[in-house]
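# Descriptive analysis of the structure
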Amino acid sequence: DRGGDWSSDVCSSDLASDWDSFFPTGWRAGDMDGAIKRVKARAPSTDTPSADGIQYLQSGYNVVRRWIVDSLGFADVKINESKDNKHDVFGRPVYGYKDGQRAGPVPTYLHDALKLPNFHLQSGTRAVRVQRTGNAATGVWVLVNGVETLVPLSNTGRVVVSAGAIATPGFLMFSGIGPAAELTRLSAAGKLGNLTREDWISNDAVGANLFDNPNTFIELSSPSITAFAPSYNNPAPADSALYLNHRSGPYASAGQTSVFFSRASQPDGRIVGFQGTIGTGGYADFTNSTTITLNIYGTSGLASRGSVVLDASFIPGPDGNVYYSAAPDASAIAGFIARIFAALPADVQTLNLERHASAAKIEQYITTPSAYARGQVNHWSGSCKIGACVDERGRVVGTGNVWVADASLLEPLSVNPMFGVMTVGEKVAELILKGVGA
């Protein structure tokens, strides 16, 4: 993120209609139930991050609740208790926190894995490519201290790729799996090891369907707001003591104080989702003591997609089609912003986007690159689509023992994707442990 959320990602819970609407058979809401429950059991979440149970930094929350609930008419809900309702609801964001500290996969899953006798964590290492004989992976080439080293697999071994929605397609391409044009470039540069053209697994779906939430920062100011920006080098002594001694206070709180969701039907039949979050301070040119940041995301149902491509140095990254390449997406998000602006209280100013701007002006603003619009949120997903890049079991198409378990498999959700990514990991683990596709 470019500012705004300085503490943690929103970890709002699963939405059944997302799985049922955007995922294939075997990945519908009922199929995901076990994985969802395991994530919730392993990685706790809360809407009250501070260990003392107190909600801190609430002036922005109070102003925005008056706007979104009292003026606009959204329902005030406990987000995870109303997880299947993402139409005109407002509440406190839910985070992966425990005892005032972040409790995502690192202090939960990783710490449990470190206790296993058959688990080894190798840091300072970069996986380069899979060593293959035909469709079977026989090892993984890794870069250790600048030297490529082969880590062999056992006769029953598997490779599970979890490098993320940008790096996973790149890793597959370096393994001779991907679009023919990219494999041709890699081969000409001598980057496919001993793989010949006959060994390639040509698949245009590798890296396609790349998604990131398009977002817009809107700076809000009101005399009722007391902004807070963290200072880790020189925190207020009272705040520092609260955190260090009790895991409480502003530094144990999350960077967003409120969240709201809505949806809107589009002329082509799609239902597009929107998420708004409110931070505790301003951003970029607007950082005074009465300013906070509203972040508006487009979420599920958006049609814009890009691809992962290799640049001139063969580093994977997004092409230029991720944001607003499908024109109706910008119109939908602009319409939602215009709708909420119409109910903005008189004592709240918008500083970087005129409050009475037309939907057309808002659309122009959100699609024009600036410090506040059209930037990367890094909620990357979708680039190894189930049923095209991998099969319904998470196994890379054309291989016998290479799997993907990360955001590459995730379609855009109505919420921040963190919880969904963890659920995908649990689901692929479930499929592997059941021996599906072995």
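Here's a quick rundown of the structure. Keep in mind that this is a model prediction, so the values were computed, not measured. (Residues numbered from 1 in each chain as written. Predicted model: local features only at pLDDT ≥ 70, side-chain atom pairs only at ≥ 80, totals over all residues. Heavy atoms only, no water.)

For any pair of aromatic rings, the description consists of the separation of the ring centres together with the inter-plane angle of the planes. One pass over the full model with this rule turns up 12 aromatic pairs. Measuring from ring centre to ring centre gives 6.1 Å for Phe74 and Phe260, while their planes differ by 80°; the resulting arrangement is edge-to-face. Here Phe74 is found in the loop between helix 3 (59-71) and strand 1 (75-76), whereas its partner Phe260 is found in strand 13 (residues 256-265), with 186 residues between them in sequence. Assessed through its relative accessible area of 0%, Phe260 is described here as buried. Here the guanidinium or amino end of Arg247 rests over the ring plane of Tyr243, the centre of that ring lying 4.6 Å away. (Phe/Tyr/Trp six-rings, centres within 6.5 Å; stacked < 30°, edge-to-face > 60°. Helix = DSSP H or I, 4+ residues; strand = E, 2+ residues; numbered from the N terminus. Buried < 20%, exposed > 50% of the residue type's maximum accessible area, 1.4 Å probe, protein only. Lys NZ or Arg CZ within 6 Å of the ring centre and 35° of its normal.)

Overall, mixed pairing links the seven strands, which are arranged 1-2-13-14-15-12-18 in an open sheet. A strand with exactly one partner marks an edge of an open sheet, and here the two such strands are strand 1 and strand 18 (349-350). Together, strand 12 (215-221), strand 13, strand 14 (271-279), strand 15 (291-298) and strand 18 form the strand contacts of helix 8 (residues 327-341), whose direction differs from that of strand 15 by roughly 140°. (Pairing = 2+ DSSP bridges. Contact = heavy atoms within 4.5 Å. Axes fitted to C-alpha atoms, helices over the stretch in contact; angles between N-to-C directions.)

Here we come to the sheet that holds strand 16 (residues 306-310). Taken together, the three strands give an open sheet; going across it, the order is 11-16-17, and neighbouring strands pair in antiparallel fashion. Looking at strand neighbours, the two that pair on one side only are strand 11 (208-210) and strand 17 (316-318), the edges of this open sheet. Averaged over all pairs of adjacent strands, the angle between their axes in this sheet comes to 50°, without regard to strand direction. Inspection of the sheet shows strand 16 paired to strand 17 by three bridges, in the antiparallel sense. Bridging across to strand 17, Val308 finds its partner in Pro318.

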